[in-house]
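Structure at a glance
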Amino acid sequence: MSSTPVTGDTAPEAETPPARKKPGWRALAAALKNRKTAYMLLFGFASGLPYTLLLSTLYAWMSDTSIDLETMGVFSLIGLAYSFKFLWSPVLDQVNLPLIKRLGHRKQWIVTAQFLLGGVLLFVSRLDPAGAIGVLSLMAAIGAFAGATQDVVMDAWRIDVADEEATIDMLSTVYQLGWRTAVLVGGALALVIADRTDWPTVYAIMGGLMMLIAFAAIFAPEAEQSVATIAADDEALKGLRRTGQLQPKIRGWALAIVGLLWGWALITVGVFMFRSLSSDPDARPDSVEFITGMGPVIVIATVVVPVIIAAVLENWRRKGRYVLTGDAAKSGAFDGFVDHGYRALILPLTEFVGRLGWAVIIVLTLVLSYRFTDTVWGSFAYPFYLGELQYSKDEVAIASKGFGVGALMFGIMLGGALFSFIGRMAVLFIGALTAALSNLLYADLALGGSYMELVSNLTGFTTLVEWLGGDLRLAKLMMAIAGENVAGGLAGAALVAYLSSITAKGYSAVQYALLSSLTFLIGTLGRGALGQMIDEEGYYPVFILTTALGMIAVAACIIEWVRQSRLGKRAGVVAPEAV
């Protein structure tokens with residue numbers, strides 16, 4: 001496959017980064033002082049705060065007002081907006097808002113979404129959940145949609161503004177640090193404030209905080225590259241009708257197929273959410289069945305199938321099949337509609353496939369397998385802690401939500417520091433390896449935790465936990481969770497940086513949204529089989545299996561590392577894995 005962009009767009013090659021000029025601590029210090037890095041930290045906080053308040057902390061308020069668990073379960077379906085946010089990413093990548101578009105291509109959406117989120121939280125602070133559950137559901141759904149929208153655009157902003165000082169690696173790291181900080185503020189701190197005041201005060205404070213963040217976002221730097229991309233958009237559209245490009249009829253059929261798939265997905269998710277939030281308990285659809293059954297189907301229909309179509313189209317273009325033998329003029333408004341739709345929805349995929357060529361198989365294998373071990377395991381963590389190991393809820397809360405969050409943030413910071421010293425691909429490899437091996441920590445717990453006990457005793461960790469009021473049993477759980485969370489934090493930072501690095505700036509919103517959705521696909525598909533295996537064979541064989549399956553990502557990382565190293569050498573880049 002050709003590596004030439006199919007429209008002549010000016011989007012840069014995403015995987016041929018410049019040489020690193022400031023290695024080690026100098027690069028790290030320079031990045032931390034950069035204005036873009038400061039805003040990325042703020043944007044990470046702005047992303048995590050509404051997610052926590054609307055999809056986690058709000059349940060504590062609802063519990064205080066005696067709302068039943070079934071209603072809470074249905075209410076949680078607003079989280080689908082985050083799961084399928086890629087469905088409206090083409091609109092965010094191509095459409096400008098009236099009046100406020102002067103803020104910038106990305107900032108116009110970021111600022112709008114954040115002001116909307118602030119308004120939603122302030123409105124929620126005036127509600128009584130017990131007496132206004134319908135209005136609360138509507139406002140939470142609007143907030144989830146706005147939060148998912150700002151996430152798509154902030155991911156694109158991160159890719160667009162990255163440079164040699166504020167690198168993709170560093171921006172990805174501080175974004176996650178900001179997100180995790182928001183989880184603590186919107187979770188633990190919110191509970192403390194509510195205990196001393198009341199819930200309306202909590203949401204009023206958080207709404208005001210979001211308003212301040214939105215105001216600060218007005219002054220965030222806007223990427224010059226995105227402005228250049230917008231200016232070149234007309235030229236890119238004209239390029240679709242030049243000699244050697246695919247025939248309009250072929251592009252129209254491809255757009256129709258992909259458009260129907262995405263439209264079906266939007267309608268399916270929308271109807272399900274409406275029925276769930278508006279129906280009587282007896283008439284509500286089964287949310288677990290929908291998420292486990294239809295979720296993977298929707299991702300396959302809207303991500304996997306369109307990528308295959310894009311590969312076929314690029315192959316035809318490269319081989320000269322179904323292409324224009326001369327320039328073709330638009331014959332009417334419908335042709336313009338097809339061109340714009342193709343540019344927004346299909347072209348980001350053909351650019352990605354055309355740029356990577358055969359390497360798209362390696363990249364997709366890596367993306368699909370990298371977070372398998374934790375996405376497939378997450379649903380069974382609490383049954384393992386509480387049911388199999390018989391820990392109390394308080395013990396799990398201390399180990400997982402308290403100590404575990406600290407370990408996770410340490411893993412994220414460790415990944416950010418390692419980026420500056422050993423490069424992105426090395427950190428990606430270490431993340432994949434440690435994430436897979438961390439399953440062995442839980443395998444040890446399943447057999448009694450003898451190795452966790454040995455490590456805890458030798459490091460003095462058991463003595464520390466006992467001094468703080470715990471015991472050896474709690475120390476073993478904390479040790480395992482710490483190891484898994486440090487590995488998960490490091491792997492998470494590495495994956496976000498890697499996905500950002502292989503995304504072209506001209507198509508960043510759509511490409512990143514699609515790639516990030518793929519990271520959860522295999523884990524979602526595997527949960528049913530994993531649950532059945534746990535029922536039949538127990539937890540220990542499952543942890544051994546997930547460790548072995550995690551090695552697929554390790555192997556994919558090694559192959560991709562070699563590929564990027566060769567790519568860098570051909571381009572004369574000294575440090576190909578550093579942006």
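Structural data are supplied above this passage.
Here's what I pulled together on the structure shown here. (Residues numbered from 1 in each chain as written. Predicted model: local features only at pLDDT ≥ 70, side-chain atom pairs only at ≥ 80, totals over all residues. Heavy atoms only, no water.)

1. Things to note about the overall build of the chain
Helix and strand content of the chain: 26 helices and zero strands. Relative to its 579 residues, the chain shows a buried fraction of 56%. Long-range pairs, those at least 24 residues apart, make up 83% of the contacts in the chain between residues at least 6 apart in sequence. Within the structure as shown, the chain displays about 24100 Å² of accessible surface, and the carbon and sulfur contribution to it stands at 66%. (Helix = DSSP H or I, 4+ residues; strand = E, 2+ residues; numbered from the N terminus. Buried < 20%, exposed > 50% of the residue type's maximum accessible area, 1.4 Å probe, protein only. Contact = heavy atoms within 4.5 Å. Areas by Shrake-Rupley, 256 points an atom, 1.4 Å probe, with all protein chains shown as cover.)

2. Concerning the packing of helix α8 (residues 168-196) against helix α9 (residues 199-217)
Interaxial distance between α8 and α9 falls to 9 Å at its minimum, and their mutual angle equals 135°. One finds that α8 runs oblique with respect to α9. Judged by the sense of rotation from one axis to the other, the crossing of α8 with α9 is right-handed. Taken together, the residues of α9 that come into contact with α8 (itself represented by Val 185, Ala 190, Leu 191, Ile 193 and Ala 194) are Trp 199, Val 202, Ile 205 and Met 206. Within the contact of α8 with α9, the residues separate by chemical class into nine nonpolar, no polar and no charged. (Axes fitted to C-alpha atoms, helices over the stretch in contact; angles between N-to-C directions. Parallel < 35°, antiparallel > 145°, perpendicular 65-115°, else oblique. Left-handed = near helix turned anticlockwise from the far one by under 90°. Nonpolar A, V, L, I, M, F, W, Y, C, P; charged D, E, K, R; others polar.)

3. Some remarks on the environment of Ala 60
Examined against the element boundaries, Ala 60 turns out to sit in helix α2 (residues 35-64). Judged by relative accessible area, which is 24%, Ala 60 ranks as partly exposed. It is 9.9 Å that separates the C-alpha atoms of Ala 60 and Ala 194, two residues lying 134 residues apart in sequence. For Ala 60, the contacting residues outside a window of four places in its chain are Leu 191 and Trp 199.

4. A word on unusual backbone geometry
Despite not being glycine, Leu 99 shows a phi value in the positive range, around 70°. Classification of Leu 99 by relative accessible area gives exposed; the value is 80%. Phi at Tyr 322 takes a positive value of approximately 55°, unusual for a residue other than glycine.

5. A closer look at the side chain of His 105
One can find His 105 in the loop between α5 (89-94) and α6 (107-124). Side chain to side chain, His 105 and Asn 96 meet in a polar contact 3.4 Å long. (Polar contact = N/O pair within 3.5 Å; in protein donor to acceptor, adjacent residues only side chain to side chain.)

6. A short note on the packing of aromatic side chains
Applying the stated rule across the entire model yields 19 aromatic pairs. Aromatic side chains Phe 43 and Trp 157 sit 5.0 Å apart centroid to centroid with 75° between the ring planes, which places their arrangement in the edge-to-face category. Of this pair, Phe 43 sits in helix α2 while Trp 157 sits in helix α7 (residues 133-161); the two residues are 114 residues apart in sequence, bridging distant segments of the chain. Overall, the relative accessible area of 0% leaves Phe 43 in the buried class. Seen from their ring centres, Tyr 539 and Phe 543 are 6.2 Å apart, and the 25° between their planes marks the pair as stacked. A residue pair is termed a helical-turn pair when its members lie 3 or 4 positions apart in one helix, as Tyr 539 and Phe 543 do in helix α26 (residues 539-571) at four residues. Clustering of aromatic rings is evident, with ring pairs tying together Phe 384, Tyr 385, Tyr 442, Tyr 539 and Phe 543. (Phe/Tyr/Trp six-rings, centres within 6.5 Å; stacked < 30°, edge-to-face > 60°.)

7. Re a nonpolar patch on the surface
Residues Leu 437, Leu 440, Leu 447, Tyr 540, Ile 544 and Met 551 make up a contiguous nonpolar surface patch of about 500 Å² in total accessible area. Looking at the element boundaries, Leu 440 is found in helix α20 (residues 439-446). (Patch = residues over 30% accessible without salt bridge, like charges linked within 9 Å, V, L, I, M, F, W, Y side chains within 5 Å. Salt bridge = Lys/Arg side-chain N within 4 Å of Asp/Glu carboxyl O.)

8. Focus on α6
Spanning 18 residues, α6 covers 25 Å between terminal C-alpha atoms, matching the ideal 26 Å at 1.5 Å per step. All of the buried residues in α6 are Lys 107, Gln 108, Trp 109, Ile 110, Val 111, Ala 113, Gln 114, Leu 117, Gly 118, Val 120, Leu 121 and Val 124. Along its buried surface, α6 packs onto α2, α5, α7 and α9. (Expected span 1.5 Å × (residues − 1).)

9. Focus: the side chain of Glu 351
As for its placement among the helices and strands, Glu 351 is situated in helix α14 (residues 333-356). Owing to a relative accessible area of 4%, Glu 351 belongs among the buried residues under this scheme. Setting aside chain neighbours within four positions, we find Glu 351 in contact with Ala 504, Tyr 507 and Gln 511.

10. Considerations on the packing of α2 against α7
Between α2 and α7, the least distance of the axes is 10 Å, while the angle of their chain directions is 160°. By the criterion of interaxial angle, the relationship of α2 to α7 is roughly antiparallel. Two packed elements cross with a definite hand, and for α2 against α7 that hand is left-handed. Of the residues in α7, those in contact with Lys 36, Tyr 39, Met 40, Phe 43, Ala 46, Ser 47, Pro 50, Leu 54, Leu 58 and Met 62 of α2 are Ile 133, Leu 136, Ala 140, Gly 143, Ala 144, Gln 150, Asp 151, Met 154, Trp 157, Arg 158 and Val 161. Taken together, the residues of the contact of α2 with α7 sort by class into 15 nonpolar, three polar and three charged.

11. Notes on the nonpolar core
Core analysis: the largest hydrophobic core is formed by 135 residues, its most contacted members being Phe 43, Tyr 203 and Tyr 370. Beyond its immediate sequence surroundings of up to four residues, Phe 43 is in contact with Ile 110, Gln 114, Met 154, Trp 157, Tyr 175, Ala 217 and Ala 220. Ranked by size, the runner-up nonpolar core spans 27 residues in total, among them Phe 380, Ala 443, Met 452 and Val 465. (Core = buried A, V, L, I, M, F, W, Y, C linked by side-chain atoms within 4.5 Å.)

12. Examining α2
Taking 1.5 Å of rise per residue, 30 residues should cover 44 Å, and α2 covers 42 Å from first to last C-alpha, within 8% of that figure. A maximum bend of about 45° is found in α2 at Thr 57. Of all 30 residues making up α2, 21 are buried, and the element is well covered by its neighbours. Just downstream of α2, Ser 66 is the residue with a positive phi angle, here 65°. (Bend = angle between axes of the 7 residues up to and from the residue.)

13. Describing the environment of Gln 150
Within the secondary structure, Gln 150 is located in helix α7. Each C-alpha atom, one on Gln 150 and one on Ile 110, is 5.2 Å from the other, the two residues being 40 residues apart in sequence. What Gln 150 contacts, discounting residues up to four positions off in sequence, is Ala 46, Ser 47, Pro 50, Ala 113, Gln 114 and Leu 117.

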